[in-house]
Amino acid sequence: MASYIPEGSHSYHHLEIVDIRTYDDKRFIKCKGATFHRDFKNPSGFRVIHYGLTVKVVGYLVDYVDFELDKGDKIFVIGYPEDDFFRREGYSIKFPILTAESIYKEDYLKYFPRQQIGEQ
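Predicted model only: the values in this text are computed from it and were never measured. (Residues numbered from 1 in each chain as written. Predicted model: local features only at pLDDT ≥ 70, side-chain atom pairs only at ≥ 80, totals over all residues. Heavy atoms only, no water.)

Student: Outline the pattern of salt bridges, listing residues and values.
Tutor: As enumerated under the stated definition, the model contains seven salt bridges in all. Residues E82 and K56 are paired through a salt bridge, measuring 2.9 Å at the closest nitrogen-oxygen approach. Here K56 lies in strand 3 (residues 46–57) and E82 lies in strand 4 (residues 74–88), a separation of 26 residues in the sequence. Residue classification places E82 among the partly exposed residues on the basis of a relative accessible area of 26%. Judged by its relative accessible area of 11%, K56 falls in the buried class. A salt bridge links K105 to D73, with the shortest nitrogen-to-oxygen separation between them at 3.7 Å. (Salt bridge = Lys/Arg side-chain N within 4 Å of Asp/Glu carboxyl O. Helix = DSSP H or I, 4+ residues; strand = E, 2+ residues; numbered from the N terminus. Buried < 20%, exposed > 50% of the residue type's maximum accessible area, 1.4 Å probe, protein only.)

Here you go:
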């Protein structure tokens, strides 16, 4: 049974950065990701579904995004979903967005290769 956790971070994503945008003191990272679903009609047994996601970064993580992240980097984001608004004169659009609480750059595997960890 699935449950919804109304507070705290409960959304985890492995993403690739497409673009980083700056608005005031916030950063918006446009990303692409993929998820795997069981599909017994497919020979591999899985179906890959690609999706786009915008990550909103506020607070102390803004400096990390400015100095450490670039287009094409693979990141792991822990956050929570919320709604954001795009406002223009005469209309506004509400869209889902992920607010980041932690961001990790996925280059740790070059420092800790899996083969060597298992052998030691």
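Student: Go over the packing of aromatic side chains with me, naming the residues and quoting the values.
Tutor: Scanning the model with the defined rule gives three aromatic pairs in all. On the basis of an interplanar angle of 10° and a centroid distance of 6.4 Å, the ring pair of Y12 and F76 is categorised as stacked. Note that Y12 is positioned in strand 1 (residues 11–23) and F76 in strand 4, a separation of 64 residues in sequence. One aromatic cluster is present, built from ring pairs that chain together Y12, F76 and Y104. Cation over ring: R38 sits above F46, and NZ or CZ is 4.9 Å from the ring centre. (Phe/Tyr/Trp six-rings, centres within 6.5 Å; stacked < 30°, edge-to-face > 60°. Lys NZ or Arg CZ within 6 Å of the ring centre and 35° of its normal.)

Student: Just give me the short version of the nonpolar core, but keep the residues and values in it.
Tutor: Formed by 16 residues in total, the largest nonpolar core has its most connected members in I29, V55, V57, I75, V77 and I103. Contact partners of V55, with chain neighbours within four places excluded, come to L15, R27, F28, I29, C31, V77, L98 and A100. (Core = buried A, V, L, I, M, F, W, Y, C linked by side-chain atoms within 4.5 Å. Contact = heavy atoms within 4.5 Å.)

Student: Describe the sheet that holds strand 1, with residues and values.
Tutor: Spatially, five strands are ordered 1-2-3-5-4 in a closed barrel, and the strand pairing comes out mixed. This sheet shows a mean twist of 40° between the axes of neighbouring strands, independent of strand direction. (Pairing = 2+ DSSP bridges. Axes fitted to C-alpha atoms, helices over the stretch in contact; angles between N-to-C directions.)

Student: Lay out a nonpolar patch on the surface in plain terms, naming residues and giving numbers.
Tutor: On the surface, F36, F46 and V48 cluster together into a nonpolar patch covering about 300 Å² of accessible area. Relative to the assigned elements, F36 resides in strand 2 (residues 26–38). (Patch = residues over 30% accessible without salt bridge, like charges linked within 9 Å, V, L, I, M, F, W, Y side chains within 5 Å. Areas by Shrake-Rupley, 256 points an atom, 1.4 Å probe, with all protein chains shown as cover.)

Student: Break down the environment of G45 for me, citing the residues and quoting the values.
Tutor: Along the chain, G45 turns up in the loop between strand 2 and strand 3. On the basis of relative accessible area, G45 is assigned to the buried category, the value being 10%. Look past the residues within four positions of G45 in its chain and what remains in contact with it is H37, R38 and D39.

Student: A description of the side chain of R27 should follow, citing residues and the corresponding values.
Tutor: Within the element layout of this structure, R27 appears in strand 2. Within polar-contact distance, the side chain of R27 engages the side chain of D66 at 2.8 Å. If we ignore the near neighbours within four places in the chain, the residues touching R27 are R21, T22, V55, K56, V57, V62, V65 and D66. (Polar contact = N/O pair within 3.5 Å; in protein donor to acceptor, adjacent residues only side chain to side chain.)

Student: Which residues make up the pairing of strand 1, and what values go with them?
Tutor: Across six bridges, the pairing between strand 1 and strand 4 is antiparallel. Residue pairing for strand 4: H14 is matched across the bridge by F76. Bridge count for strand 1 against strand 2 is eight bridges, and the pairing is antiparallel. Bridging across to strand 2, L15 finds its partner in G33.

The quantities given are spatial measurements derived from coordinates; they are silent on function.
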